[in-house]
Amino acid sequence: MTLAFASDFDRTLFFRDEPGGFKPADMAAISAFQQAGNCFGVSTGRSLRGVLDETRGRVRFDFFILATGALILDGRQRVIRRSVVRPVTVQHLIDEVDSLGPLVIHANDTVYSFGDPLPMQTHIDHLSEVGENLYGLSVWVGEERADKLARTINNRYGAELSAYPNRGIVDVVPRGCSKGEAVRIVRERLGADRIGAMGDSYNDAPMFGPADASFTFPDSPVEVRERASRVVGGIAEALSEFSSEVAL
């Protein structure tokens, strides 16, 4: 039986305050899971560059769900599905939300910023510099405004865009894209008999429906805990429980 597991990246697999960024128990569990013939992948709002620059080869991913499902790659970084949005639509949205907080553009397997770029970001002066492979954008508005802004974007731009609140950030991607839809696509592509998923925030919850088992943390938002099938301490515990269910 082939198993697959999709993990959120930030605060689920990668912890900025953890020495080296990753918990040794999680790394050992992932390696054992893969050595047993199973597939482990990342499901994140980050770009490919944002994942690879942090992991630096320490994790071998069998698939990548990036930009909140707008870009799906196999383990060799070949495109399984790429969804893009019209630059004119993104420009209209930028004009509307630019005053609300810092924003970045997701395109071409990287992240672009109009301001002073953070590490793993590239500065641009105009959206036209990005080109056509434009997956969406993220805007930082704070916990209090994220849910409202996501609803507003979905109401106004729902014909072309989908917006997801993510702990103070709103991730905006092409319509129909989500981590949940990406999990369904990955499962079919891999031919996995069962697939598990783990995440800590609102934009991870869409993964929980199509997953056979879903996991989150005790300190995740209430809505996320209610939608997950299990509350665990981390990836290592989740992989252990997921694998054990199949063995029974």
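The structure this text deals with has already been given above.
Structural notes, computed from the coordinates. Values in this document were obtained by computation on a predicted structure and should not be read as measured data.

1. Details of the packing of aromatic side chains
Then, in step 1: One pass over the structure, following the stated rule, counts nine aromatic pairs.
Then, in step 2: A connected cluster of aromatic rings, assembled from ring pairs, spans Phe 5, Phe 33, Phe 40, Phe 61, Phe 64, Phe 215 and Phe 242.
Then, in step 3: A cation over a ring is seen here: Lys 23 above Phe 15, with NZ or CZ 4.4 Å from the ring centre.

2. With respect to helix H1 (residues 24-35)
Then, in step 1: Over its 12 residues, H1 extends 17 Å from the first C-alpha to the last, a length consistent with the 16 Å expected when each residue adds 1.5 Å.
Then, in step 2: Residues of H1 that are buried include every one of Asp 26, Ala 29, Ile 30, Phe 33 and Gln 34, and no others. Within H1, the buried residues cover an arc of 130° as seen down the axis, which keeps them to one side. Pointing more than 90 degrees away from the buried face of H1 are the exposed residues Pro 24 and Gln 35.
Then, in step 3: Gly 37 lies just past H1 and shows a positive phi near 95°.

3. Examining unusual backbone geometry
Then, in step 1: The phi dihedral of Gln 77 falls on the positive side, at around 65°, and the residue is not glycine.
Then, in step 2: For Gln 77, the position within the fold is in the loop between strand S4 (71-74) and strand S5 (79-82).
Then, in step 3: Phi angles above zero are rare outside glycine, and Arg 167 is one such case at about 50°.
Then, in step 4: Residue placement: Arg 167 occurs in the loop between strand S10 (161-166) and strand S11 (169-174).

4. Observations regarding the environment of Cys 39
Then, in step 1: Relative to the helices and strands, Cys 39 resides in strand S2 (residues 39-43).
Then, in step 2: The class for Cys 39 is buried, based on a relative accessible area of 16%.
Then, in step 3: Separated by 57 residues in the primary sequence, Cys 39 and Glu 96 have C-alpha atoms spaced 41 Å apart.
Then, in step 4: Leaving out residues up to four positions away in the same chain, Cys 39 has contacts with Leu 3, Ala 4, Phe 5, Phe 33, Asp 62, Phe 63 and Leu 190.

5. A word on the pattern of salt bridges
Then, in step 1: Counted under the stated rule, the structure contains 16 salt bridges.
Then, in step 2: One salt bridge in this structure joins Asp 10 and Arg 46, with 2.8 Å as the shortest N-O distance. Here Asp 10, found in the loop between strand S1 (3-7) and H1, pairs with Arg 46, found in the loop between S2 and helix H2 (48-55); they are 36 residues apart in sequence, far enough to count as distant.
Then, in step 3: Overall, Asp 10 belongs to the partly exposed group, its relative accessible area being 23%.
Then, in step 4: Judged by its relative accessible area of 15%, Arg 46 falls in the buried class.
Then, in step 5: In this structure, Asp 74 and Arg 78 form a salt bridge, with 2.7 Å as the shortest nitrogen-oxygen distance.
Then, in step 6: Members of the salt-bridge network, linked through shared partners, are Asp 10, Arg 16, Arg 46 and Glu 54.

6. So, the sheet that holds strand S8 (residues 121-123)
Then, in step 1: The mixed open sheet is built from six strands, whose spatial order is S8-S7-S6-S9-S11-S10. This sheet does not close on itself; its edge strands, each paired only once, are S8 and S10. The mean angle between the axes of side-by-side strands here comes to 25°, regardless of whether they run parallel or antiparallel.
Then, in step 2: When S10 meets S11, the two strands line up antiparallel, connected through six bridges. Looking at the pairing, Ala 163 lines up with Val 172 of S11.
Then, in step 3: With respect to the sheet, helix H4 (residues 143-157) is in contact with strand S9 (134-140), S10 and S11, its orientation differing from that of S10 by roughly 175°.

Calculation rules
- Here the residue numbers are simple positions, counted from 1 along each chain's written sequence.
- Residue-level local features of this predicted model are given only where pLDDT is at least 70; pairs of side-chain atoms are given and counted only at 80 or more, and the full residue set underlies all totals for whole chains, interfaces and linings.
- Water and hydrogen atoms were dropped before computing side-chain values, which therefore reflect all heavy atoms in the structure.
- The rule is short: rings of Phe, Tyr and Trp, with Trp giving its six-membered ring, pair when the centres are within 6.5 Å, and they are stacked under 30 degrees, edge-to-face over 60, tilted in between.
- Only when the NZ atom of a Lys or the CZ atom of an Arg is both within 6 Å of the ring centre and within 35 degrees of the ring normal do we say a charge sits over the ring.
- Each helix corresponds to a stretch of at least 4 residues labelled H or I by DSSP, and each strand to a stretch of at least 2 residues labelled E; elements are numbered beginning at the N terminus.
- How far a helix is expected to stretch is found by multiplying one less than its residue total by 1.5 Å.
- A 1.4 Å probe rolled over the protein chains alone gives each residue an accessible area, and that area as a share of the maximum for its type sets the label: buried under 20%, exposed over 50%, partly exposed in between.
- Directions are taken from the helix axis to each C-beta atom, and the arc is the one they span.
- The contact definition used throughout considers only heavy atoms, calling two residues in contact when any of these lie within 4.5 Å.
- A pairing counts as a salt bridge when a side-chain nitrogen of Lys or Arg comes within 4 Å of a carboxyl oxygen of Asp or Glu.
- Two strands qualify as a pair provided DSSP detects at least 2 bridges between them.
- Note on geometry: axes are C-alpha line fits, over the in-contact stretch for helices, and angles between N-to-C directions span 0 to 180 degrees.

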